[in-house]
There are 2 protein chains.
Amino acid sequence: MDAVTRSLEPLAQDELRNINAYWRAANYLSVGQIYLLDNPLLKQPLTKEHVKPRLLGHWGTTPGQNFIYVHCNRVIKQRDLNMIYISGPGHGGPALVANTWMEGSYTELYPNVPMNAVGMQKLFKQFSFPGGVGSHVTAETPGSIHEGGELGYALSHAYGAAFDNPDLMVCCVIGDGEAETGPLATAWHSNKFLNPATDGAVLPILHLNGYKIANPTVLARMSHDELDSLFVGYGYKPYFVEGSDPEEMHQKMAATMDSIADEIKAIQDDARNNGNTTRPLWPMIILRSPKGWTGPKEVDGKKTEDYWRSHQVPFSDVINNTQHLELLESWMRSYRPEELFEESGDLKPELKALAPEGARRMGMNPHANGGKLLRDLSLPDYRDFAVAVERPGHTMAESTRVMGNFLAEVMRQNLDTANFRVMGPDETASNRLGALFDVTERTWMAETLPEDDHLAPDGRVMEILSEHTCQGWLEGYLLTGRHGFFSCYEAFIHIVDSMFNQHAKWLKVSKEIPWRRPIASLNYLLTSHVWRQDHNGFSHQDPGFIDHVVNKKADIIRVFLAPDANTLLHITDKCLNSRDFINVIVAGKQPQPQWLSMDAAIKHCSAGIGIWDWASNDQDGEPDVVMACAGDVPTLETLAAVDLLRQHLPDLKVRVINVVDLMTLQPKEEHPSGLSDREFDILFTPDKPVIFAYHGYPYLIHRLTYRRTNHKNLHVRGYKEEGTTTTPFDMAVLNDIDRFDLVADVIDRVPGLGSKAAYLKQFVRDKLIEHTEYIHKYGEDMPEIRDWKWPYSS
Amino acid sequence: MDAVTRSLEPLAQDELRNINAYWRAANYLSVGQIYLLDNPLLKQPLTKEHVKPRLLGHWGTTPGQNFIYVHCNRVIKQRDLNMIYISGPGHGGPALVANTWMEGSYTELYPNVPMNAVGMQKLFKQFSFPGGVGSHVTAETPGSIHEGGELGYALSHAYGAAFDNPDLMVCCVIGDGEAETGPLATAWHSNKFLNPATDGAVLPILHLNGYKIANPTVLARMSHDELDSLFVGYGYKPYFVEGSDPEEMHQKMAATMDSIADEIKAIQDDARNNGNTTRPLWPMIILRSPKGWTGPKEVDGKKTEDYWRSHQVPFSDVINNTQHLELLESWMRSYRPEELFEESGDLKPELKALAPEGARRMGMNPHANGGKLLRDLSLPDYRDFAVAVERPGHTMAESTRVMGNFLAEVMRQNLDTANFRVMGPDETASNRLGALFDVTERTWMAETLPEDDHLAPDGRVMEILSEHTCQGWLEGYLLTGRHGFFSCYEAFIHIVDSMFNQHAKWLKVSKEIPWRRPIASLNYLLTSHVWRQDHNGFSHQDPGFIDHVVNKKADIIRVFLAPDANTLLHITDKCLNSRDFINVIVAGKQPQPQWLSMDAAIKHCSAGIGIWDWASNDQDGEPDVVMACAGDVPTLETLAAVDLLRQHLPDLKVRVINVVDLMTLQPKEEHPSGLSDREFDILFTPDKPVIFAYHGYPYLIHRLTYRRTNHKNLHVRGYKEEGTTTTPFDMAVLNDIDRFDLVADVIDRVPGLGSKAAYLKQFVRDKLIEHTEYIHKYGEDMPEIRDWKWPYSS
Ligand SMILES: Cc1ncc(C[n+]2csc(CCOP(=O)(O)OP(=O)(O)O)c2C)c(N)n1
Ligand SMILES: Cc1ncc(C[n+]2csc(CCOP(=O)(O)OP(=O)(O)O)c2C)c(N)n1
Ligand SMILES: [Mg+2]
Ligand SMILES: [Mg+2]
């Protein structure tokens, strides 16, 4: 293949000259952004006044990306392709800003940066400059769905964008350093999930420029054969484009892009017209070119081009060092700007003509501003899936299974529009969302065996044992204007902590950009949670993702703790309807008592927090104690504690509060869901003891409420990092959040309870001992625990 | 190769019979652990009373791991190998418990589980049972350094264990599901960092049992050729061992293990005797065998062996379903326990003879209890690296560069013992630790070019663009009794949040196990931190790892914020000397004023918190305001604010407190570093306003201090998730933690300041406007900001 592409020289001399000129222009504009404050067209000799005082940017990756971009433009134009560009090494921001400016996208979105000398000066100055634009391919950059600041997610984003977009081609540039990251190393396998009949194509371009920040890359220092073998092993057909002579490289790249475009079309035609459903070998490119290509060969006697030294700013101190100033000028002049730009600063017409037009420009492709294409989901009425709850606490149900029924119907109603997918790391069935498989299958393009169940090329449940890939796919899918859902074991969602961060940051910035349209929220279901990972033990017990999430901007994140199935239904519906949020839903998958009828659940969830009057007995006066709870297991234990209190201390006035939307606890000024201080005081009283049983690490509740009037009386129980393989109730006991400990907490905190309470305290102490004895002998919880039901009729 | 190994049948009939019997015994004991409470040897017919009420465990992976274990034993014995075993799918706990019991390790460490019928019954009952042992290969399991609960880290752990252990062979079983994770997918490249001359060997065994929880695996559904190609591409020489007939498979496996053991020896000899430093092609095994091998073929008419249904407990409800009870009995009897165990329950002598002895048993290998082998580092006196600080705030230094000088000397002094390594994702130089390269190089076994610098096979600085791999290597290195250091950009350390969790959990459990010896702490340097990622922008700004860390057990974690270089030196020394901690050090790499002389730094850091008297002026009475700070940039801004206050409000009494050890803020009862309430009150006063400038998210300070007397007067400034590419000072301004905003905070909170304060308030407001104007014009901070120095002589 190699041999064939190399022999071809598809570019006529004119075209070659123009393409090379276009590339020079992009390189020129990139260097200008990194270095210049003024004198953009170098009409005057360069002086230090023209140079930025702080030089911030990354040159090394940029010329390679400019090279790729112009070749994408060529095939887009030639074949009217619908293409977007993902820049893995997103620190190559100058390349994307330059190219989108050249094609006119930039000016269309930012009219104050026109396509002339004034605009060019602004373009240069604003880059990595206070009040200007970031150094990376941020949300501010036209055509970007991927900032590329934290490396590793380019390829999963690219596949996510391609799913269900049959006409889209996603060009995905992957840094050879980036390729060393775990998330990227496994994302190559996404090709086993891409259906050529109904999905678009991903064209991975491994940008083998040899170096990362200060080291060679691993992939650049394997033999050619190993490299080839690796990508063949990953299931691709690698095309090598290698060299440094611009003209030769343009010919090679053009020839390769032509072959690949043909090949992708052939693959898609075969699948679409002939119904061929075997996994094809998708082409990819390995572009081996010098890091900092066309930049200074040496700086201060040290190798710079084709070396890691060109990673960032190849030389600084331009203001004080005249040699550097001269070097900069001669470097910039080496692109011969006078041949590239009109007097006015506009690009020459023969170069302009190389860019695609309208929405075909990669900077204006609507898929890269997904909100533009977003259609609402068709949602069934979640009430139809309600569990009948005649009286609180008697019906048993598995909340996530009920939710699964709803999700299945959502899936069904949106099969035609093909804009809803569910992701999970091999846990969809384990998380009791199996009803989905009545409606669709798991996406699977790899080999199948006769005994396989629920695998199909057009399945819409995506399972791979990589939380990173699930997250990356989903982000790519959402950012291109579709909807989705990610279910995960609670503990292991920490695997994508940093990806969550990046997405939250992207949303925050996007919301400040007028031309970015809202996208569907990223919805997490965290289940198999800390309290019911008793069988897998300590390593599977960690409710800390919530803590992680609440550090991000309040208007982007929401956290819901569903006490039962009907509340979960309401929350799920709300999340699927929302835009530009990251919604975290925590809910159990085990059979558990159901507390609220659908009507009650709607009222409760709409407020996000509320008194459960049927569980409270302070209606006629003030409570002696407030028992608050958030999360299914804490709610169960709280109600069991209330039952004990009612039996043993019938005069004690107890108010039960359940929290569904965790952010209600924060002051109104801090989070849109927050209660006002007055509302909070009414619920929690200004001065009564509050015993709060919380799903996660107890500190979080303090963090959210420390400003509240009654904070000093707030006593929180939660997960205190004790756990092992044990019984469900013992997990609660180990962390002092069980019914008996909660009763003891009440006794310790409510003044003046008298001697009845002393007996009760001893009673619960004895119960705890009995419990431990029992489980060590029998291995399961005492019947009175397992079979406990809320004994009151309402 | 394949053909060759298949034709060999190295096992004589006896040996074959015994090996198979050994395997049957391990399988028998595994099933027993999952299912039985009693009747361990099946001397009576099985009844439901013998069965556990809750069945918790994973069968699917177990027989394959038992198979591998016995073949490891064989080569260990035959060649006197020094081998440890890492179980990637650590949910195969029953296999490791069974095998270590059979070889006697288990009983040696847990004498209450003897090698007889009584012990066997205990072994069975305790598994996944309250008060017993976990279902995974936890720290409780002899021979384990890897729990394998969260999948993905087996291979990086294995390489970490092998570095600098020339005689060690690390057998690393990798689940085919696990192989889909990102961390695992990139860890294969660790072979480019393993030096055959001075490191041990890793033998990866890809356990291709076809399935994960409820899906086939990607690797199992690639063609043989692709699979082969993938691992050739990764730089290995794959050996396939495929089939399901036990006798054939034993022969194949034995032949393969023999070839591989020879090959590894040849590689090592070549490197060690002939000085061959080219990267060898290390052998690996692809073991394709049925999931749940030897388990029930079908359950309730559904395929189970060789299918995902055997992943966990292949059938439950044994107590109520007599068919299941019968199935269990016939399954267990299919191993013919009477041929395997003596009447007494002890293993038959001919089987016992197959296990290695003493420390050669994988359950007793001291490398898997690394604390046993741990030697103290030889540490230079950190005082020798001190920055001379004559008066506070005048000397400028880059803290991490100073630390680098110290680390370099630590490296030098421990070159001989080869037990110290520094890891980083391509940022060692960027993080200013470049002095290390005067002493050692970067580890590099891949190709080199003439222009390369600081790359060598025996380098001790390990750089790969994978935070996961750095962390995994370091954990493996520490757990086998060595020392190390991980430097990382602060924001991207979140990539390993979940790995941190797992290591913290491992340490917590280990500390409760008497036979586990303390290991060296895991030390992080987080630099290029939130306040000075102004050039990379928002995606690189996240100080939340601290929040993540403090959720773990207090006696395991510590967080240090170094205000300057001398404090950083002291902290680094303390961390390198410590055991069984995870130490997080946050420090900047940019030039910044130095506050404390070495003597002062020692006093300050030893306490972890203290008043800076030279910056305070409340010596003669009570302060009007306490200005607290933690972190280098907040400290700088606080002191600059104090300067403004002194100039404009000379009568105001200000106390300056700096916090180095963040955990001092917590109550004594919560963390060993915590101050008592009295100590806290003395420092922070019971009632004066406290303005606290904190490095990270401000809520954390509230979380740590909400119980303190003066909490209501505590006003915290920190990172509130605002950032972009801008100037350093503007980052502070965007988050209201700059000197001017701090002054405004003081004015707002100290009562009775009068009209001078009103003018000052307007002055700082104007300064902030001036600042914004200036940076938008010039792109850098105002000279009065950049050049500000603490103007007082002491
Ligand atoms: C996950 C992560 N770790 C570390 C960094 C710091 N970093 C920024 S650029 C870079 C090197 C990137 O090399 P490569 O992917 O080859 O990009 P290129 O050579 O095209 O610049 C590194 C390590 C990062 N951005 N993300
Ligand atoms: C990172 C992570 N995600 C998800 C899980 C849940 N999980 C437990 S076992 C398992 C399947 C493992 O499959 P494989 O590695 O093939 O192991 P084996 O077949 O040998 O059991 C999964 C997904 C996990 N333990 N870790
Ligand atoms: Mg590179
Ligand atoms: Mg498997």
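Please read these numbers as outputs of a predicted model, since none were measured by experiment.

Novice: Help me understand the pattern of salt bridges, please; the structure alone is not making it clear to me.
Specialist: If charged atoms from side chains of opposite charge come close, those side chains can pair. A complete count under the given rule lists 100 salt bridges over all chains for this structure. For A:Asp452, the salt bridge goes to B:Arg221, with nearest N and O atoms at 2.6 Å. One end of the pair, A:Asp452, is in the loop between strand S10 (442–443) and strand S11 (455–456); the other, B:Arg221, is in the loop between strand S3 (201–208) and helix H9 (224–233), on a second chain. Here A:Asp452 and B:Arg221 have matching classes, each one buried.

Novice: I would appreciate a short explanation of the packing of aromatic side chains in the present structure.
Specialist: Aromatic ring pairs are defined here through the distance separating the ring centres and the angle between the ring planes. All names here are of chain A. Counted under the stated rule, the structure contains 75 aromatic pairs over all chains. Where Phe729 meets Phe740, the ring centres are 5.9 Å apart and the plane angle is 90°; that geometry is what we call edge-to-face. On the criterion of sequence distance, the pair formed by Phe729 in helix H23 (residues 728–734) and Phe740 in helix H24 (residues 739–749) is long-range, its members being 11 residues apart. Phe740 matches Phe729 in its accessibility class, with the two residues each being buried.

Novice: Is there a simple way to explain the coordination of the magnesium ion (ligand 3) in this structure?
Specialist: In a perfect tetrahedron of four donors around a metal, the angles come out at 109.5 degrees. In a perfect octahedron of six, they are 90 or 180 degrees. All names here are of chain A. With distances of 2.0 to 2.2 Å, the protein atoms coordinating the magnesium ion (ligand 3) are Asp176 (OD), Asn209 (OD1) and Tyr211 (O). Here the donor residues of the magnesium ion (ligand 3) are spaced in sequence according to D-x32-N-x1-Y. With a gap of 33 residues between them, Asp176 in the loop between strand S2 (168–175) and helix H8 (182–187) and Asn209 in the loop between strand S3 (201–208) and helix H9 (224–233) connect regions that are remote in the sequence. One exposure class covers both Asp176 and Asn209, and it is buried.

Novice: Before we go on, may I ask you to explain unusual backbone geometry in this structure?
Specialist: With the exception of glycine, the majority of residues adopt a negative phi angle, and the majority of peptide bonds are in the trans configuration. Residues other than glycine seldom take positive phi values, yet A:Asp80 does so here, at roughly 50°. Relative to the helices and strands, A:Asp80 is located in the loop between helix H3 (62–79) and strand S1 (82–87). A positive phi angle, near 50°, is found at B:Asp300, a position not held by glycine. On the secondary structure map, B:Asp300 appears in the loop between strand S6 (298–299) and strand S7 (302–303). By relative accessible area, which is 57% here, B:Asp300 ends up exposed.

Novice: Even after reading the chapter, I still don't get the coordination of the magnesium ion (ligand 4), so can you show me in this structure?
Specialist: Distances from the magnesium ion (ligand 4) to its protein donors, B:Asp176 (OD), B:Asn209 (OD1) and B:Tyr211 (O), fall within 2.0 to 2.2 Å. Classification of B:Asp176 by relative accessible area gives buried; the value is 1%.

Novice: Would you mind showing me how to read the site of ligand 2 here?
Specialist: Of all residues adjacent to ligand 2, which total 24 residues, the nearest are A:Glu467, B:Thr61, B:His91, B:Asp176 and B:Lys291. Bordering ligand 2 are residues originating from chains A and B. At 2.7 Å, a side-chain N or O of B:Thr61 approaches an oxygen atom of ligand 2. Residue B:Asp176 places a side-chain N or O atom 2.7 Å away from an oxygen atom belonging to ligand 2. In isolation ligand 2 has 590 Å² of accessible area, and contact with the protein removes 98% of it. Residue composition of the shell around ligand 2, grouped by class: 9 nonpolar, 7 polar and 8 charged.

Novice: Help me understand the sheet that holds strand S18 (residues 609–611) of chain B in this model?
Specialist: To summarise the sheet geometry, strands pair through backbone hydrogen bonds and adopt either a parallel or an antiparallel arrangement. Residues and elements named next belong to chain B. Taking strand neighbours across the sheet as the criterion, the 5 strands line up as S18-S20-S19-S21-S22 in an open arrangement whose pairing is mixed. A single partner strand is all that each edge strand has here, and the edge strands are S18 and strand S22 (714–717). Each strand axis lies, on average, 20° off the axis of its neighbour in the sheet, ignoring direction. Note that strand S19 (residues 625–630) and strand S20 (residues 654–659) share 5 bridges and pair parallel. Counted as the bridge partner of Cys629 is Asn658 from S20. Against the sheet, helix H20 (residues 632–648) makes contact with S19, S20 and strand S21 (690–694), and its axis sits at roughly 155° relative to S19, the strand it touches most. Helix H21 (residues 677–684) rests against S18, S19, S20 and S21 of the sheet, and its axis sits at about 135° to S20.

Analysis parameters
- Residues numbered from 1 in each chain as written.
- Chains lettered and ligands numbered in written order.
- Predicted model: local features only at pLDDT ≥ 70, side-chain atom pairs only at ≥ 80, totals over all residues.
- Heavy atoms only, no water.
- Salt bridge = Lys/Arg side-chain N within 4 Å of Asp/Glu carboxyl O.
- Helix = DSSP H or I, 4+ residues; strand = E, 2+ residues; numbered from the N terminus.
- Buried < 20%, exposed > 50% of the residue type's maximum accessible area, 1.4 Å probe, protein only.
- Phe/Tyr/Trp six-rings, centres within 6.5 Å; stacked < 30°, edge-to-face > 60°.
- Donors = N, O, S within 2.8 Å, 3.2 Å for Na, K, Ca; no water.
- Near = heavy atom within 4 Å.
- Polar contact = N/O pair within 3.5 Å; in protein donor to acceptor, adjacent residues only side chain to side chain.
- Areas by Shrake-Rupley, 256 points an atom, 1.4 Å probe, with all protein chains shown as cover.
- Nonpolar A, V, L, I, M, F, W, Y, C, P; charged D, E, K, R; others polar.
- Pairing = 2+ DSSP bridges.
- Axes fitted to C-alpha atoms, helices over the stretch in contact; angles between N-to-C directions.
- Contact = heavy atoms within 4.5 Å.

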